[in-house]
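# Structure at a glance
Each chain, written out:
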Amino acid sequence: MSRSSDQDAGTPPRTDDELTGMLTGLRALLSAVQELILVVDADGRYQRYLPTRYAELTAGVKDVTGMSIDDFLLPDDCARVRRVMGETLAGAGPQRVEYPIQFDSTQHWYDAEISAISGLPGHTLWMVREITAQRRDQRRMRLQSAALEAAASGITIIDTEGSIVWVNPAFSRLTGYSAAEAIGRNPRELINSGRQDRGFYQALWSTISSGRVWQGELVNRRKDGTLYTEVKTITPVPNHTGTITHYIGVSQDVSAQVYARQRLQLLSAALEAASDGVLITDAEGLIVWANPGYTRITGYALDELVGKTPGELVESGLLPGEFFEQFWATLRSGRAWQGEMINRRKDGSLYTEAQTVTPVFDAPGQISHYVAIARDISEEKRRRVLQSDQQQLFERLARGEPLSALLDQMARSFQDAIPGMLCSILLLDEQRRHLHVGAAPGLPAAFNQAIDGVEIGLGVASLALSRRWKATSLTRTPWPWSRTSSCRPDSRSQIRTA
């Protein structure tokens, strides 16, 4: 009947060779098909299949004829596929459906195009292909996209012409421009502050257009006109041929860090230039930094200070232990300490300093450092003490107090003005032949006994040539003359000329 129809249409009949050639071509065409072709009835049973890629797409089952989709699919997936089959058979046209099958201890995903077969009621033709790799790539792309969307850093993608093709929400938060406002425009139109010159951008484009990554710091302008500093990294994106097609820019707002850095530099410069000494120690009291003012006061260079405690270097030994117990008790309680100390310079000289020490706390609230500000007040205190004592001396003179009291006041005045000094005032008798102790507060009795009544004069002591006896200052222990006979309590030896 077919041959008759061809003849009626005026088409010559095909020879056996032609039919064989057509069948061979059809087989070659079908062998090139990447999909598995299945015929499935209305009950979901496989009726026929084309062996192309059969073993790859049927979980290794040798023959699926007569088997049901229930044998391969999970219940929920099976119900979903049957629903699509029903819609197709009801005349909805070809439908696509994706479903997983578990085999080889791995989940494989498939995409099936289901069509009704004309002339074969209740049957559908399935064109099935595996999409496991595509699904994996899609999932990875979704995760990457979600990561880019959620990133705290502003991210832009621009083409080789410099036009923005995509921005993430962080870019909008950073610049104030929405994605709709940014896409299609050049970043220069949006955020250029004018703080970077043409040469800066020429160098930038020269770097990224050559395929290298660029990173740097620049100042840009937000939509509202405010400036911000960002650290930006721009990475070229090549295609499969190596040709650059896009650039990805990642921006991090470092305005707060830059402000803190500039403020720190300013504070550092101020501390370096301060005339007062500034000292920073750790929680154990070890010096970690000192400014030039402190090195000038103490005479120690910075490298001589770092790693040592102030007690090792400048403590004079003139302050009692109770003083330092109170000092540390105050600081360790978290309170600032303020007061005066008598310290010793590197050259051994004493000085009085006014000092304020403040604890510094870390994030958990623990003391991490101490900051001390010290000012040498030796001269200031000496003048203040002398003025006060002078006023008191005049008042005592006016009251007619005895000479011994006035001399004692004078000696104490010198001692108060000069830390560590012990003063004695010696008097000559009327014949100018013997010394007598007028006042010696703080000096040991042995000294006073040894000096009082000592004869001086020509050939006895060179001091006899002097018409005035100046105050003799002595250091505290050890007494340099403690082993001489003149300091023994029972000795009345004369002072001999050396």
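First, a word on what this report is: a plain description of the structure on this page. (Residues numbered from 1 in each chain as written. Predicted model: local features only at pLDDT ≥ 70, side-chain atom pairs only at ≥ 80, totals over all residues. Heavy atoms only, no water.)

### A short note on the overall build of the chain
A tally of helices and strands in the chain yields 17 helices and 18 strands. Out of the 498 residues belonging to the chain, those deemed buried represent 32%. In the chain, the share of contacts with a sequence separation of at least 24, taken over all contacts with a separation of at least 6, comes to 40%. If you sum the accessible surface of the chain, you get close to 29800 Å²; carbon and sulfur atoms cover 54% of it. (Helix = DSSP H or I, 4+ residues; strand = E, 2+ residues; numbered from the N terminus. Buried < 20%, exposed > 50% of the residue type's maximum accessible area, 1.4 Å probe, protein only. Contact = heavy atoms within 4.5 Å. Areas by Shrake-Rupley, 256 points an atom, 1.4 Å probe, with all protein chains shown as cover.)

### Observations concerning the sheet that holds strand β6 (residues 154–159)
In spatial order, the strands read β7-β6-β10-β9-β8; together these five strands make up an open sheet with antiparallel pairing. The strands lining the two open edges of the sheet, one partner per strand, are β7 (164–167) and β8 (214–221). With strand direction ignored, the average angle separating the axes of adjacent strands in the sheet is 30°. Here β6 runs beside strand β10 (residues 244–253); their pairing, made up of six bridges, is antiparallel. (Pairing = 2+ DSSP bridges. Axes fitted to C-alpha atoms, helices over the stretch in contact; angles between N-to-C directions.)

### Quick notes on the environment of L426
On the secondary structure map, L426 appears in strand β16 (residues 422–428). Along the sequence, L426 and G438 sit 12 residues apart, while their C-alpha atoms lie 5.2 Å from each other.

### Considering helix α14 (residues 321–332)
Over its 12 residues, α14 extends 17 Å from the first C-alpha to the last, a length consistent with the 16 Å expected when each residue adds 1.5 Å. What α14 keeps buried is the set F324, F327, T330 and L331. Down the axis of α14, the sector holding all buried residues measures 125°, keeping them to one side. Turned more than 90 degrees away from the buried face of α14 sit E322, E325, Q326 and R332, all of them exposed. (Expected span 1.5 Å × (residues − 1). Arc of directions from axis to C-beta.)

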